[in-house]
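One letter stands for each residue in the lines below.
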Amino acid sequence: MDKLSKAKISYVLNTHWHFDHTGGNGVFGREGRIVAHREVRTRLVAGADMGEFGVIPPAKKEALPVITYDTGMSLYFNGEEIRLTHLPAGHTDGDTLVHFVGSNVLHMGDQFFVGGFPFIDLKSGGSVEGYLRNAETVLKMLPQGAKVIPGHGPLAGREELEAFVAMLRDSVSLVRTKREAGKTLEQIKAEGMPEKYKPLGTGYINEATWLETVFTSLEQSANAAKAKPAGK
Ligand SMILES: [Zn+2]
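*Asks:* Tell me about the side chain of Ser 124, residues and numbers included.
*Replies:* With respect to the helices and strands, Ser 124 occurs in the loop between strand S9 (105–107) and helix H4 (128–141). A residue is classified by how much of its surface remains accessible, and Ser 124, at 2% relative accessible area, is buried. If we ignore the near neighbours within four places in the chain, the residues touching Ser 124 are Trp 17, Arg 43, Thr 92 and Asp 93.

Have a look at this one:
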């Protein structure tokens, strides 16, 4: 922090609404303008029961974003463009990719975890298939030599993001194949993830929780497809 400017805070960017990414809003928001996707504000206003993470009360006024967008916007600040792009229905329904264009740095928020399985918030509009699509989208547009900041874990780049996307693809196809073959969640958990991915389960989200998230999300999207009238 001591290398940062002592100037007043102008803007605070929230990548999504979760408390471990917006917990400073109440302090920083007294000085700077909080900028975020529209759904971040909506969810902060409402608060939520986050189950094992506790009940999140509605945020105070000074902790709310005052500038919001639907698909994205750019800030021109510190001599560079900071491009904000909404990543739909992945980690939550209000995630933003922050691209510091001049510095060639991207902050993916919780759309990227390094060294562990990701948390995907199905109760806040997230989906595992959407999460995979968003990670693929970022990988496709990733500029040469870019540094990539994950929501959790150390600073990374293309190599780590490629490995993450491969793990997500493998997880979705593994669980989808087993689910469609009629296996239960319990059976899928007992069989576990392939050996090479086991080390990822020692962190924040263990292997069983990860498999359950993928299973539940695939089930939700299968049910949603069934609920749609034929031909639509
Ligand atoms: Zn999060």
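Still to come is the rest of the account.
*Asks:* Quick one: what's the story with the packing of aromatic side chains, residue by residue and with numbers?
*Replies:* With the rule as written, the count across this model stands at seven aromatic pairs. Pairing Phe 117 with Trp 210 gives two aromatic rings, centres 5.8 Å apart and planes at 10°, and the pair type is stacked. Of the two residues, Phe 117 is situated in the loop between S9 and H4 and Trp 210 in helix H7 (residues 207–227); the sequence distance between them amounts to 93 residues. A relative accessible area of 1% means that Phe 117 is categorised as buried.

*Asks:* How would you explain the environment of Thr 68 if you had to name every residue and give the values?
*Replies:* As for its placement among the helices and strands, Thr 68 is situated in strand S5 (residues 67–69). A relative accessible area of 33% means that Thr 68 is categorised as partly exposed. Taking the C-alpha atoms as reference points, Thr 68 and Gly 51, 17 residues apart in sequence, are found 27 Å from one another.

*Asks:* So what about the coordination of the zinc ion? Which residues, and what values?
*Replies:* Within the protein, the zinc ion binds to His 16 (NE2), His 18 (ND1), His 91 (NE2) and Asp 110 (OD); these donor distances fall in the range 2.1 to 2.2 Å. Given four donor atoms and angles of 89 to 166° at the metal, the environment of the zinc ion is assigned as irregular. Considered as a linear motif, the donors of the zinc ion on their single chain read H-x1-H-x72-H-x18-D. Placement of the pair is His 16 in the loop between strand S1 (11–13) and helix H1 (19–22) and Asp 110 in the loop between S9 and H4, with a sequence separation of 94 residues. Here the two residues His 16 and Asp 110 agree in accessibility, since each one is buried.

Conventions we followed
- Residues numbered from 1 in each chain as written.
- Predicted model: local features only at pLDDT ≥ 70, side-chain atom pairs only at ≥ 80, totals over all residues.
- Heavy atoms only, no water.
- Helix = DSSP H or I, 4+ residues; strand = E, 2+ residues; numbered from the N terminus.
- Buried < 20%, exposed > 50% of the residue type's maximum accessible area, 1.4 Å probe, protein only.
- Contact = heavy atoms within 4.5 Å.
- Phe/Tyr/Trp six-rings, centres within 6.5 Å; stacked < 30°, edge-to-face > 60°.
- Donors = N, O, S within 2.8 Å, 3.2 Å for Na, K, Ca; no water.
- Tetrahedral: all angles 85-135°; square planar, octahedral: opposite > 155°, others 65-115°.

Everything listed is a geometric property; what it means functionally is a separate question.
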